[in-house]
Every structure is written in C-alpha cells, then in structure tokens.
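Residue strings, one per chain:
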Amino acid sequence: MRLLLLSLHPGALRPFLDDGDRPGPIVYIDDAQAAFRDAPFVAAEREAVRSFGRDVIDATLRDTAPEDADRLLSRAGAVYVAGGSTFALLEALRLSGNDDVLVDHVRRGLPYIGLSAGSIVAGPDVTPASLMDDPADGRALENHDGLGLIDATPIPHADGQLPQYPPELIRRTIDTYGSDFALLPLRDDQALLVEDGSATVIASR
C-alpha cells in the first residue's frame, strides 16, 4: 500500500504523486465536506489538489453505488479523501458500502491521500476525533471503526495553530483517548507516509 496522510499543508503531495507509477486522474472524495460547501477551506483544499496539474474527478460516495465506485476507482491514479467532518465521512462510506470498495482498491495498490478527516478515517477507530468533530454528524453509525489501513489514529492539527483546534483541545484529546487508543499526533506541516511496509512521519510544509 502507498498512503500519504496529511494534517493540513500539502507540501508532501507533489513528491508522493511524482514517485508513483500509476496513471489516471485523482478521484477527490468530498463526503466530509457536505456540511461546509461554502466554507473557504473547501475551495482552498480542492484548488490545492488541482494545482498539481493532474485531472481531478469529484466524487460523493454517499450517493454512489458500490459498483460505480469500483469502476471509478479502477481508472484512478490516486484517491484523495478530503477534510471536514470525520463522522459524516465515515457514515457516508459505511452506509453506501463504499468503505469496503475503497479499502480493497487501496490494498491492491491504489495510492491513498487523506487530509485531516481523510487521514483520521484511515486508522483503526475514529473515536479519538470526538472532541475535534461532532459524532452527531454520523448518527447512523453503529460503531466508529475506521478503515484500518494503518494501526494508529492520526490526530491532525496537533500543533494547535488553527483557531478551531487550539492547543488545549489537542491536549484534552490526547489525555482523554491516549490510554485507550494508539494515537499519532501530526502537526500541520507534517504527514505520515506509508510505503514498502513502513510508516514515516515526514515534513509537509
């Protein structure tokens, strides 16, 4: 598997894409952003991905049948899972059945890029995001199991630089969940790179 899990800044994205040998567009999964369509960060994140010069196909998997998602991902050069609400994203993947479709493609070699919520869901359990995002955004979820692509739950924005995720919230998150879950705090200028069976925290300025 090849994964790049971003906190905020996309500096590690270009080398990740350039190092890959899989042609095709980037499928941009936007389910985490459903409640934030007019928020400036949504347009900024999408533009950042498009700025790398690859074709980008927007996809809302909540509204996509698994067989259609399978065809879409089969043609993709990479999948990008955008930031927003972790619990809305997980609910969309779970209710549509596209969580299994996505995991299957990634385990068979589709490069996975996540940012914030898109990074958190790659872990084994999204419960540690409960103080950062609202679990009520995923009311239909029966559990908070993540995609299980990595063994720890990323905690993005761990430097506390964003107003909505101040240092005290990050500390409370780690204090509350650190004893029961494997956590991976990531500053906004960091990313987790997973390839060749190893995981490394790298700079992403």
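Look up: the structure comes first, before these words.
Residues numbered from 1 in each chain as written. Predicted model: local features only at pLDDT ≥ 70, side-chain atom pairs only at ≥ 80, totals over all residues. Heavy atoms only, no water.

1. Concerning the packing of aromatic side chains
- Taken as a whole and judged by the stated rule, the model has three aromatic pairs.
- Aromatic pair Tyr28 and Tyr80: ring centres 5.1 Å apart, planes at 10°, arrangement stacked. With Tyr28 in strand 2 (residues 26-29) and Tyr80 in strand 4 (residues 78-81), this pair connects stretches of sequence that are 52 residues apart. The same class applies to Tyr28 as to Tyr80, namely buried.
- One cation-aromatic arrangement involves Arg2 over Phe16; the distance from NZ or CZ to the ring centre is 4.1 Å. (Phe/Tyr/Trp six-rings, centres within 6.5 Å; stacked < 30°, edge-to-face > 60°. Helix = DSSP H or I, 4+ residues; strand = E, 2+ residues; numbered from the N terminus. Buried < 20%, exposed > 50% of the residue type's maximum accessible area, 1.4 Å probe, protein only. Lys NZ or Arg CZ within 6 Å of the ring centre and 35° of its normal.)

2. Focus: the nonpolar core
- Counting residues in hydrophobic clusters, the biggest one holds 38 residues, and the most contacted among them are Val79, Leu102, Tyr112, Leu147 and Leu149.
- Breaking this core down by element, the ones donating at least two residues are strand 1 (3-6), strand 2, helix 3 (66-74), strand 4, helix 4 (86-96), helix 5 (98-107), helix 6 (117-120) and strand 8 (190-195). (Core = buried A, V, L, I, M, F, W, Y, C linked by side-chain atoms within 4.5 Å.)

3. Points about the pattern of salt bridges
- Applying the stated criterion across every chain, the model contains 11 salt bridges.
- Between Asp30 and Arg46 there is a salt bridge, and its shortest N-O distance comes to 3.7 Å. Pair noted here: Asp30 is in the loop between strand 2 and helix 2 (40-50) and Arg46 is in helix 2, with a separation of 16 residues, a long-range link.
- Residue Asp30 is classed as buried on the basis of its relative accessible area, which comes to 6%.
- The shortest N-O distance in the salt bridge between Asp104 and Arg108 comes to 2.9 Å.
- For Arg108, a relative accessible area of 55% translates into the label exposed.
- Residues joined in a network through salt bridges with shared partners are Asp30, Arg37, Arg46, Arg50 and Asp58. (Salt bridge = Lys/Arg side-chain N within 4 Å of Asp/Glu carboxyl O.)

4. Details of the side chain of Ser119
- With respect to the helices and strands, Ser119 occurs in helix 6.
- Contacts of Ser119, omitting those with residues within four sequence positions, involve Leu5, Leu6, Gly114 and Pro154. (Contact = heavy atoms within 4.5 Å.)

5. Considering the packing of helix 3 against helix 5
- Between helix 3 and helix 5, the shortest axis-to-axis distance is 9 Å and the interhelical angle comes to 25°. With respect to helix 5, the axis of helix 3 lies roughly parallel. Here helix 3 runs over helix 5; the crossing is right-handed. Facing helix 3, whose interface residues are Pro66, Ala69, Asp70, Leu73 and Ser74, helix 5 presents Asn98, Val101, Leu102 and His105.
- Here the contact of helix 3 with helix 5 is built from residues that sort into five nonpolar, three polar and one charged. (Axes fitted to C-alpha atoms, helices over the stretch in contact; angles between N-to-C directions. Parallel < 35°, antiparallel > 145°, perpendicular 65-115°, else oblique. Left-handed = near helix turned anticlockwise from the far one by under 90°. Nonpolar A, V, L, I, M, F, W, Y, C, P; charged D, E, K, R; others polar.)

6. Here we look at helix 4
- Across the 11 residues of helix 4, nine count as buried, placing the element largely inside the fold.
- Turning to helix 4, its buried residues are Thr86, Phe87, Ala88, Leu89, Leu90, Glu91, Ala92, Leu93 and Ser96.
- If you follow the buried residues of helix 4, they end up packed against helix 3, strand 4, helix 5 and helix 6.
- One or two residues past the end of helix 4 sits Gly97, with phi positive at roughly 80°.

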